[in-house]
Structure formats: C-alpha cells, structure tokens
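# Summary of structural features
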Amino acid sequence: MLDIHLIRENADIVKAGAAKKHIEVDIDRLIKVDDERKLLRQELDAKRAEQNRRSSEIQRASGSEREKLIEAMQHLKAGMAEGEERLKKVMAEWQQLMLTVPNIPDMSVPDGDSDADNVEVKKWGEPTVFDFTPKDHVELMTALGMADFERGAKVAGFRGYFLKGDGVLLANAVWQLALKHFSAKQLVPLSVPSLVRRETFLGTGYLPQGEEDLYKTQDGEYLAGTAEVAAMGYYMDEVLDPQALPVQFLGFSPCFRREAGAHGKDVRGLIRVHEFFKWEQVVLCRAEHDESVRLHDWLNRNTEEFIELLNIPYHTVVNCGGDLGLGQVKKYDIELWVPGEKTYREISSASYFHDFQTRRLNIRYRDAEGNMRFPHSLNSTAIPTPRILVSIVENYQQADGTIKVPDALVPYVGKSVIGAAA
RNA sequence: GGAUGGUUGGCCGAGAGGUCUAAGGCAGUUGACUUGAAAUCAACCGUACCGCAAGGUACCGCAGGUUCGAAUCCUGCACCAUCCGCCA
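Cut-offs used in this document
- Residues numbered from 1 in each chain as written.
- Chains lettered and ligands numbered in written order.
- Predicted model: local features only at pLDDT ≥ 70, side-chain atom pairs only at ≥ 80, totals over all residues.
- Heavy atoms only, no water.
- Helix = DSSP H or I, 4+ residues; strand = E, 2+ residues; numbered from the N terminus.
- Expected span 1.5 Å × (residues − 1).
- Buried < 20%, exposed > 50% of the residue type's maximum accessible area, 1.4 Å probe, protein only.
- Contact = heavy atoms within 4.5 Å.
- Pairing = 2+ DSSP bridges.
- Axes fitted to C-alpha atoms, helices over the stretch in contact; angles between N-to-C directions.
- Parallel < 35°, antiparallel > 145°, perpendicular 65-115°, else oblique.
- Left-handed = near helix turned anticlockwise from the far one by under 90°.
- Nonpolar A, V, L, I, M, F, W, Y, C, P; charged D, E, K, R; others polar.
- Core = buried A, V, L, I, M, F, W, Y, C linked by side-chain atoms within 4.5 Å.
- Domains from an automatic or database assignment.
- Buried area = accessible area lost by both parts, 1.4 Å probe.
- Salt bridge = Lys/Arg side-chain N within 4 Å of Asp/Glu carboxyl O.
- Polar contact = N/O pair within 3.5 Å; in protein donor to acceptor, adjacent residues only side chain to side chain.
- Near = heavy atom within 4 Å.
- Patch = residues over 30% accessible without salt bridge, like charges linked within 9 Å, V, L, I, M, F, W, Y side chains within 5 Å.
- Areas by Shrake-Rupley, 256 points an atom, 1.4 Å probe, with all protein chains shown as cover.
- Lys, Arg positive; Asp, Glu negative; His and termini not counted.
- Charge placed at Lys NZ, Arg CZ, Asp CG, Glu CD.
- Phe/Tyr/Trp six-rings, centres within 6.5 Å; stacked < 30°, edge-to-face > 60°.

Looking now at helix H4 (residues 63-100). The terminal C-alpha atoms of H4 lie 55 Å apart, and with 38 residues this matches the ideal 56 Å at 1.5 Å per residue to within 8%. Of the residues making up H4, those classed as buried are Leu69, Met73, Leu76, Met80, Gly83, Leu87, Val90, Trp94, Leu97 and Met98. Those residues of H4 hidden inside the fold are in contact with helix H1 (4-9) and helix H3 (27-60).

Structure below.
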C-alpha cells in the first residue's frame, strides 16, 4: 500500500509506475473517491461534534428540558445514519482501490512485458561443456534412484514427485550448507508456518489479486508459497525497537504453489512443482532508500556466493517492469545454467519494497525524532530444493551416468560421486 | 469438541453507562541538582484522519446492536490462557 498523500501529490508518477508494470489501476477514480471520503468525513465529524456537545447538555439538564433535548437528539441521529451509510460504501471502495495500487518501480528498472525482457547485469562462469551428450535431470535422477516421477504422479497427481536415496541426501546437504553459509551472514534462522491466515497474505501483497495461485483450507487459511509470508507477519501490528534494525531472518518452510497460470509449462521434472522447500532471506530496515538499495544488493550477493560455492554457471538479471509484482520496487533474479534445456533457469529472486508491505502489515518503529515510521522490507531466495538439484545433477553429470558431488557438498553428502559402483 | 477467564496507549495496568482531555506506574524527552553519572524533583509525553489555523473527529481485539450518550450493556467472530476430552 502506498500513502494516499503520496498518491495524490504524485498521481502522474504513480500512473506511470503502474503502466511500467503493466498493472491496471484507476488512480483518477481513487482520487475522486478520496475527495468524497474527505467531504463525507468532514460532514460527519461536524455532526458528531454537534452530537457530543448536545450529549453533555442532556447530562446537565433535567425534567422537561431534558426530555426536549433528547427528542431533538433523536432527529439529529436520524440524519447521521444516512451519512454513515454513504461513508461506509465510499470507504469500502477506497480500501479496495488502495490495495490494488502498485508500488512505483525504481528508475533503473528496464521497460518490458515479461521475463523475456529482463536484462543481464552479471554473468559468472561459462555454460558447462560436455564431451558426451548430456542427459536431463529426469533421466539422470530416475536412473540413479534419486527421484521417482511416475509414482509421484500416481500418489500426488500432476507435478508430484518423490525424492529418494541420494536425491534426499543431496537435498539435505544443500539445506545444511545453506544454513551454514547464510547464518554466517548474521541472518537469524527461523522455521516458519506455511499455513497462514489471510491478513498476512494481504499484508505481503499476494492478495487480493493472487487468490487463484494459492491453496486454501476449509478453515480459511492459505498455504504459503514462500516463508516470506510468515516471516513478514512475525512483527505484524508491532512497534519495533529501532536498535533492532535491520531485522534479518533466514526463514525455512515448505512452499505450496498452485501454478494456476502455468498449466502447460515445465510439465516434466523438478523445475516447477506444487510443493517444495525453501530457505528465504527476509529483512526489515530503517525507512531509507539507500539502506534498501544496500541491503538488496547484499541479499542478492549472498545467494550468488552460495551458487559460487556450488560452482554452477549463472547469470543475474534485473527484472523488467512487466515482470515485477504489485509491491516490488526492483528485483534481481539469479538464473542457473541448465544443460538439458541449454538455457538459464531462475533459482532466486531478490526484491525490495520500501514501506509497501510494512504499511499493509502495520509494522512500525519510532525514529530518532520520535516519529512513527514504517520500516522498509526486502526478501530474497536463499536457496530452494528440489529445483537446485536440477542444475547440480545436470552440470555435474559424467559420461558414465554418475554425478560428481560439488566439493562444498561432499561433507554433507558423505561421498564425492553419486552412482559410482560400491 | 466442551468449559471458564481474558484481549485497554511503546510496555504494565485501573476503569463496570455520562466530571467531557482513559487513573496510576514503567519506559522516553526536556529542565533542575551534580565535575559527570546514578538517585531525586519538576514539566512534557498515544495513533490516525480532516483543517491554513483555531480546532474537530475516530480509535480500549474485530464487526454489528441497544441508548440522547458505550472501553463499560447485548450479539456474533477472531485470538490468548487454563482445565476436560481426543490425539501425533
């Protein structure tokens, strides 16, 4: 959510920002509704002032004078009911519109419609070269008993999978290395709920517009697609000690995604699944743009470093306007080389939001001047499994069908090659 | 699933239909005292909206209702605590 004052004073910038994100929103309508809101408020406030004044007169009066005053009040009250009804309607539309106003993308965000228009800002390593024909991860992992997709689909349906044997070992090894690497950055590990109430999704900006992407329980909770939701909800409705900023969480959770808009995409393997696990970096910091920018780069760099530990070729892109979510000001994606597809595939997303989320979540702190402020929020993937396994097994496969374990993972896997004859 | 008790400002906590500006304490800010600090004393000190301002309005978990008037009474819901039942 943006500040209504900011929207009113910078309507053109807000409109341009929405256009850049390809998000439709009627700012003129919002301002008109806000005018109505102000007017009705003023009228109603005046009537309430009158009511309060007369109420104390009644208190002091007695006898027939009191009866008369009470009767007069009843008339006044009747006149107020209509105003209150109108204000309620106006407020409902006002709130609905406010929730749909996107945050303004940064100047440095490139124009574009979709992820095809994202711009590479960094490239690390070269696409892996093989002196044999490389296999894709489905073939490799199935052959090595690391995953079972047929039975996954039998048991769980479309996009179902089992990890098995060394597949589980490898996934666990990634989690453990991630815990070590990211904790060392002073991020506090946090195991978070995935089953989360609606207001937390509204607060993080996934709702109201993302309803169809979420699984919902018969009790009304939603299954989160990222630990960001619960980690951000952690301080909802609280006033933070400014000394505690920046708050730096390393959240871990199962993640559930309906992938409602992606029915035909990535139907094979571990790239796009309905449930997976993810370590996620979540940060709250002082309400200063420079601080957001600094931490954004830092979060993204943390993940780049982790990929470098695994020694997998990657590049980093800055997402174009059309590929930004409602609340995001700017986003980097890290994409890993996937030999089976001869392309880079997203493994990580690092975004900052300014106070868009904290305003919705009502998270505040008192600054040095004693004023209440909404802190800035940021988040970035640390590492997801099993998607990361795709790039590991495909880049590290050997001619004989075995998979070399990345050096950094060897201590956690307990061997240096998967599939070698014992 | 059943029962009971709760939810009040940054925090704790009183308040039980009308002294209107929600007692009091803690924390915080400023000042006095002090070489400095602590202690003590004094003053100030909630958030949001509207308004150029004076000022006004709203907010006591949320939403309704009763009333001339609701933190206070009624209804529904959410959450917290404890107990019982069930159960990894």
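From this point, the discussion proceeds with the structure in view.
On to the sheet that holds strand S7 (residues 222-223), then. A sheet is described by the order of its strands in space; here three strands give the open sequence S5-S7-S6, paired in antiparallel fashion. Either end of the sheet is taken by a strand with one partner, and the two such strands are strand S5 (195-196) and strand S6 (215-216). Note: S5 against S7, two bridges, orientation antiparallel. Within S7, the residue paired with Val196 across the bridge is Tyr222.

Where helix H7 (residues 166-183) contacts helix H10 (residues 289-310), the two axes come as close as 11 Å, and the packing angle between them is 130°. Accordingly, the angle class assigned to the pair H7 and H10 is oblique. In the packing of H7 onto H10, the handedness of the crossing is right-handed. Judged by residue contacts, Val174, Leu177, Ala178, His181 and Phe182 of H7 engage Asn302, Thr303, Glu305, Phe306, Leu309 and Leu310 from H10. Among the residues forming the contact of H7 with H10, the class breakdown is seven nonpolar, three polar and one charged.

Residues Leu170, Ile383, Ile388, Ile392 and Leu409 are the most contacted members of the largest nonpolar core, which totals 47 residues. Secondary structure elements with two or more residues in this core: helix H5 (137-143), H7, strand S9 (247-256), strand S10 (275-285), H10, strand S12 (330-338), strand S16 (376-385) and helix H12 (387-395). For this core, the element with the highest residue contribution is H7, accounting for eight residues. Those residues in contact with Ile392 that sit more than four places away from it in its chain are Leu170, Val174, Leu310, Ile312, Pro406 and Leu409. Core analysis: the second largest hydrophobic core is formed by 24 residues, Val196, Val247, Phe249 and Tyr365 among them.

To continue, consider the sheet that holds strand S14 (residues 364-366). Spatial strand order, S8-S14-S15: three strands in an open sheet with mixed pairing. In the strand order of this sheet, the two ends are held by strand S8 (239-240) and strand S15 (372-373), each with one partner. Pairing analysis gives two bridges linking S14 to S15, with the strands arranged antiparallel. When the sheet's bridge partners are listed, Arg366 is paired in S15 with Met372.

A few words on the domain arrangement of chain A. According to the domain assignment, chain A consists of domain 1 (4-100) and domain 2 (115-418). Taking only C-alpha atoms into account, the centre of domain 1 sits 43 Å from that of domain 2. Among the residues of domain 1 in contact with domain 2, Lys21, Ile23 and Leu99 are the three that bury the most area, contributing 77% of the side total. In this assembly, domain 1 and domain 2 are joined by zero salt bridges. At the boundary of domain 1 and domain 2, one finds five residue pairs in polar contact (both at pLDDT 80 or more). Of the residues in the side of domain 1 that touches domain 2, the class split is two nonpolar, two polar and two charged.

For RNA strand B, the set of nearby residues contains 24 residues, the closest of which are Asp45, Gln59, Arg66, Met73 and Arg197. In RNA strand B, atoms within 4 Å of the protein come 84% from sugar and phosphate. Residue His5 places a side-chain N or O atom 3.2 Å away from a phosphate oxygen belonging to RNA strand B. In the environment of RNA strand B, a sugar or linking oxygen lies 2.7 Å from a nitrogen or oxygen atom belonging to the side chain of Arg197.

Attention shifts here to a negative patch on the surface. A surface patch of like charges, here negative, comprises Asp113, Asp115, Asp117 and Glu346. Inspection of the secondary structure puts Asp113 in the loop between H4 and strand S1 (119-124).

As a further point, take the pattern of salt bridges. This model, assessed by the stated rule, comprises 32 salt bridges. Of the charged contacts in the structure, one is a salt bridge between Arg86 and Glu43, with a shortest N-O distance of 3.9 Å. Here Glu43 lies in helix H3 and Arg86 lies in helix H4, a separation of 43 residues in the sequence. The exposure class of Arg86 is partly exposed, given its relative accessible area of 43%. Linked through salt bridges whose partners overlap, the residues forming this network are Lys122, Lys185, Arg301, Glu304, Glu305 and Glu308.

The subject of this paragraph is the packing of aromatic side chains. The full count for this structure, using the stated rule, is 12 aromatic pairs. With 5.4 Å between their ring centres and 55° between their planes, Phe201 and Tyr222 make a pair best called tilted. In this pair, Phe201 is assigned in helix H8 (residues 198-204) and Tyr222 in strand S7, connecting sequence segments 21 residues apart. Of the two residues, Phe201 and Tyr222, neither departs from the other in class, the shared state being buried. Where Tyr234 meets Tyr235, the ring centres are 4.8 Å apart and the plane angle is 90°; that geometry is what we call edge-to-face. Accessibility expressed as a relative area gives 45% for Tyr234, which makes it partly exposed. For Tyr235, a relative accessible area of 19% corresponds to the buried category. Among the aromatic residues, those joined into a cluster by ring pairs are Trp175, Phe252, Phe277 and Trp279.

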